[in-house]
Amino acid sequence: MPGEIWTQLSSAITGLVLAWVMFEKYFPYQLRGYLRKYSQKLMGYAYPYIQVTFHEFTSERLKRSEAFSAIQNYLGSNSTKNAKRLKADVVRNNEPLVLTMDDYEEVTDVFEGVKVWWSSSKTVPKSQSISFYPAADERRHYRLTFHKSHRDVITEKYLEHVLKEGKAIAVKNRQRKLFTNNPSEKWYGWKSTKWSHVVFEHPATFDTLAMETKKKEEIKKDLTKFSKGKDYYAKIGKAWKRGYLLYGPPGTGKSTMISAMANFLDYDVYDLELTTVKDNSELRKLLIETTGKSIIVIEDIDCSLDLTGQRKKTEKDDDDKSDKEKDPVSQKKKEAEEERKSGSKVTLSGLLNFIDGLWSACGGERIIVFTTNYVDKLDPALIRRGRMDKHIELSYCCFEAFKVLAKNYLELESHEMFGKIEELLGETKMTPADVAENLMPRSDEEDEEDCLNRLIEGLETAKEEARKKAEEEAVSKAEKADKEGGETSSQAAKENGEISAEAAKENAGG
Ligand SMILES: Nc1ncnc2c1ncn2[C@@H]1O[C@H](COP(=O)(O)OP(=O)(O)OP(=O)(O)O)[C@@H](O)[C@H]1O
Ligand SMILES: [Mg+2]
């Protein structure tokens, strides 16, 4: 409200209160109803302002309102010049200081010559019980006041301008985050405490990732297509999400690739630790809290979920498949009952539901990445196309991948020793992590040749070890075959003996 009319307003309010007391005391009951009705109408004519309120949380209390966040950004940048009382938000994890308009503060804004007033406020719900975390129950809101003669300009143009500007500021100030899920004992209130975050600052990019160029380009193309595919996904009626399965031995760059993906797309990362999620409903709650433009990662999926158990169940079920085909409903019930009895944590079906689109309702642009060392261990249902759209194998270091590492670690494009290394890499398996470890200078005295020599030594040792191992395996295989062969022949001899004894008996009898 404009400041200069405050004094007049307060005396008017005092007058009104006095009039109200007289009215309640002396006016006949029947007449009061009429008077109230008409006085409200009159107020409507007399009070020429319109107010719009924007609440922090949506009515389902689950999601933070996007409009509120955009307005907060917009007012944050405007009010630092304008408002007298500002609030500095908690600074942690190297985040820059964020100044926003303080609660119960008021600022003005002018748009196309029209003046509007913004105020911020909060309400604490009246609760019977005493909350341990009162701050978590507060509900904040912004209120916009403008003259009713400017209704069209404000509703049609100004609000759009505020939201657009607010979102642009968010993009500009965005510090990407790495979220990890908290165990549910630490969830309280209905504000977001399910995920903790730190600033995501992993330096990995596709340029630093050791991998064949062709494969890298293909992945980059796939990611770009996805991130620009909003209309496409809407057209084909699919949730805007994409699943990647990264598999390969330890140290081949699966986690590194996830960071490279996040840096490439400018997405946040949600590192979902499934072992701390109690059940499917907790999983759902966690998922609802994730925001768009994010990569949801479940590392080592084979260890996080008892998929082998699930598979056993499937195999067992296959035996009485006819029953299953007859009555799929009771089968489902049986499965649910088994899950319940086993006090199960997140189940395969819960996870599948989650991937398939329970969460598609809460907006799009999410990538889900699973990593595993043992792709064969996974349930085929989990990794079928449509769920995991793209399967990427990360494997042992090839020469092309080595060249990337040599450039990153030693700033070498080529060297006479590269030929030998290429030959050795063709003959033996070494993970990019091991190659990188050998290439990293261990002291200031070491030059690139020392590092390359160390790598060659390492490769030769690995080759020798692999040769020995193969030899040992061949010997033990031969021994096993011999043993089995011996057993078979002695078994055959025994059987033959029995037969000939019987024949002799028969002959003797005959
Ligand atoms: N392809 C690669 N390109 C560049 N660096 C790599 C690559 N693979 C591994 N590294 C290096 O090795 C380290 C370990 O790699 P990373 O953690 O990505 O392996 P991982 O495949 O996720 O292994 P795990 O299966 O054990 O989780 C990284 O810090 C990185 O420096
Ligand atoms: Mg990893």
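The residue numbering used here restarts from 1 in each chain and proceeds along that chain's sequence as written. Think of it this way: whatever chain is written first is A, whatever ligand is written first is 1, and the rest follow in order. The predicted origin of the model limits local features to residues at a pLDDT of at least 70 and limits the giving and counting of side-chain atom pairs to 80 or more, whereas totals for whole chains, interfaces and linings rest on all residues.

**Re the overall build of the chain**
Here is step 1: Each helix is a run of H or I in the DSSP string that is no shorter than four residues. Each strand is a run of E no shorter than two, and both are numbered from the N terminus. Regarding its fold elements, the chain presents 19 helices and 13 strands.
Here is step 2: Per-residue burial over the chain gives 21% buried out of 510 residues. Residue burial is a threshold on neighbouring C-beta atoms within 10 Å of the residue's own C-beta, all placed from the backbone, with 20 or more meaning buried, 12 or fewer meaning exposed, and counts in between meaning partly exposed.

**Thoughts on the packing of helix H6 (residues 213–227) against helix H8 (residues 254–265)**
Here is step 1: Lines are fitted to the C-alpha atoms to define the axes, a helix being fitted only along its stretch in contact, and any angle between axes, read from their N-to-C directions, falls within 0 to 180 degrees. Viewed as axis vectors pointing N to C, H6 and H8 meet at an angle of 45°, and their least axial separation amounts to 11 Å. The angle between H6 and H8 places the two elements in the oblique class. Two packed elements cross with a definite hand, and for H6 against H8 that hand is right-handed. Where H6 abuts H8, its residues Lys220, Leu223 and Ser227 lie against Met261, Phe264 and Leu265.
Here is step 2: Counted by class, the contact of H6 with H8 contains 4 nonpolar, 1 polar and 1 charged residues. Any angle that is under 35 degrees is reported as roughly parallel, and any over 145 degrees as roughly antiparallel; angles of 65 to 115 degrees are reported as roughly perpendicular and all others as oblique. Working rule for handedness: look at the near helix, and if it is turned counterclockwise from the far one by less than a right angle, call the crossing left-handed; if clockwise, right-handed. Contact between two residues is assigned when their C-beta atoms, built from the backbone, lie within 7 Å. Think of it as three bins: nonpolar holds Ala, Val, Leu, Ile, Met, Phe, Trp, Tyr, Cys and Pro, charged holds Asp, Glu, Lys and Arg, and polar takes everything else, Gly as well.

**Considerations on the environment of Ser184**
Here is step 1: The residue Ser184 is located in the loop between strand E7 (177–181) and strand E8 (195–199) in this model.
Here is step 2: Taking the number of C-beta atoms within 10 Å as the measure of exposure, Ser184 has 17 and is therefore partly exposed.
Here is step 3: Ignoring sequence-local partners within four residues, the contact set of Ser184 consists of Lys278 and Glu282.

**A short note on the site of ligand 1**
Here is step 1: Residue proximity rests on one test: whether the C-beta atom, placed from the backbone, lies within 6 Å of the molecule or strand. As a matter of local geometry, ligand 1 sits amid 15 residues, with Ala210, Pro250, Gly253, Pro432 and Ala433 nearest to it.
Here is step 2: For the shell around ligand 1, the secondary structure elements donating two or more residues are H8 and helix H18 (432–439).
Here is step 3: Grouping the constituent residues of the shell around ligand 1 by class yields 8 nonpolar, 6 polar and 1 charged.
Here is step 4: Just so you know, the domain bounds were taken from an automatic or database domain assignment. If you count residues domain by domain, the shell around ligand 1 takes at least three from each of domain 2 (178–305 + 346–393) and domain 4 (399–464).

**Some details on the sheet that holds strand E4 (residues 106–111)**
Here is step 1: Two strands pair if DSSP finds at least two bridges between them. Across the sheet, which stays open at both edges, the 4 strands sit in the order E1-E6-E5-E4 with antiparallel pairing between neighbours. The sheet is open, and its two edges are formed by strand E1 (49–55) and E4, each paired on a single side. Taking the axes of each pair of neighbouring strands and ignoring which way they run, one obtains an average angle of 25° across the sheet.
Here is step 2: Taken together, the 8 bridges between strand E5 (residues 114–123) and strand E6 (residues 139–147) define a ladder with antiparallel strand orientation. For Ser120, the partnering residue across the bridge sits in E6 and is Tyr142.

**What to know about the sheet that holds strand E11 (residues 294–298)**
Here is step 1: Strands sit in the order E8-E7-E10-E11-E12-E9-E13 across an open sheet of 7 strands; the sheet is mixed. Where the open sheet ends on each side, the last strands, each with one partner, are E8 and strand E13 (390–393). Strand-to-strand twist in this sheet, taken as the mean axis angle between neighbours without regard to direction, amounts to 20°.
Here is step 2: With 7 bridges connecting them, strand E9 (residues 241–247) and strand E12 (residues 366–372) associate as parallel partners. What sits directly across from Arg242, in E12, is Ile367.

**Let's talk about the environment of Thr53**
Here is step 1: In this fold, Thr53 is placed in strand E1.
Here is step 2: Sequence-wise, Thr53 and Thr145 are 92 residues apart; in three dimensions their C-alpha atoms are separated by 8.9 Å.

**Re the confidence of the model for the chain**
Should pLDDT be low for a region, the predicted coordinates there are not to be read in detail.
Here is step 1: In this model, the chain carries an average pLDDT of 79, and 72% of its residues clear a pLDDT of 70 or more.
Here is step 2: Segment residues 90–95 is flagged for pLDDT under 50; beyond a separation of four residues in sequence, or across chains, it makes 6 contacts in the model.
Here is step 3: Confidence drops under pLDDT 50 across residues 308–325; counting only partners more than four residues distant or on other chains, this segment forms 6 contacts.
Here is step 4: What the predictor reports for the complex is a pTM of 0.66 with an ipTM of 0.98. pLDDT is a per-residue confidence score from the predictor, ranging from 0 to 100.

**Looking at the nonpolar core**
Here is step 1: One finds Val269, Ile295, Val297, Val369 and Leu405 to be the most contacted residues of the largest nonpolar core, which totals 60 residues.
Here is step 2: A domain split of this core shows at least three residues from each of domain 2 (178–305 + 346–393) and domain 4 (399–464).
Here is step 3: Once residues lying within four places of it in the same chain are set aside, the contact partners of Val297 are Ile258, Val269, Tyr270, Asp271, Leu272 and Val369.
Here is step 4: The nonpolar core is taken to be a set of buried Ala, Val, Leu, Ile, Met, Phe, Trp, Tyr and Cys residues joined by way of C-beta atoms within 7 Å. With 12 residues, the next largest nonpolar core counts Ala70, Tyr74, Leu75 and Val162 among its residues.

**Observations regarding the packing of helix H16 (residues 399–410) against H18**
Here is step 1: Where H16 contacts H18, the two axes come as close as 10 Å, and the packing angle between them is 35°. Regarding H16 and H18, the two cross each other, and that crossing is right-handed. Across the interface between the two elements, Ala401, Phe402, Leu405, Ala406, Tyr409 and Leu410 of H16 pack against Pro432, Val435, Ala436 and Leu439 of H18.
Here is step 2: Looking at side-chain class alone, the contact of H16 with H18 contains 10 nonpolar, no polar and no charged residues.

**Observations concerning unusual backbone geometry**
Of all residues except glycine, most have a negative phi; of all peptide bonds, most are trans.
Here is step 1: The phi torsion at Asp266 lies on the positive side, around 65°, for a residue other than glycine.
Here is step 2: Take Asp266: it is sitting in the loop between H8 and strand E10 (268–271).
Here is step 3: Asp266 gets classed as exposed once you count the C-beta atoms within 10 Å, which come to 11.
Here is step 4: Despite not being glycine, Asp300 shows a phi value in the positive range, around 45°.
Here is step 5: Note on placement: Asp300 falls in the loop between E11 and helix H10 (301–304).

**Quick notes on the pairing of E9**
Here is step 1: Across the 7 residues that make up E9, a large majority, 7, are buried.
Here is step 2: Neither face of E9 is exposed, since Lys241, Gly243, Leu245 and Tyr247 on one face and Arg242, Tyr244 and Leu246 on the opposite face are all buried.
Here is step 3: In the sheet, E9 pairs with E13 via 4 bridges, with the strands oriented parallel. Paired with Leu246 across the two strands is Ile392, which belongs to E13.

**A look at helix H14 (residues 348–356)**
Here is step 1: Along H14, the residues classified as buried are Leu348, Gly350, Leu351 and Ile355. Axial view of H14: buried residues confined to an arc of 160°, hence all on one face. An arc is given here, and it is the one of the directions from the helix axis to the C-beta atoms.

**As for the environment of Pro183**
Here is step 1: Examined against the element boundaries, Pro183 turns out to sit in the loop between E7 and E8.
Here is step 2: Measuring from C-alpha to C-alpha, the distance between Pro183 and Glu273 comes to 9.3 Å, with 90 residues separating the pair along the chain.

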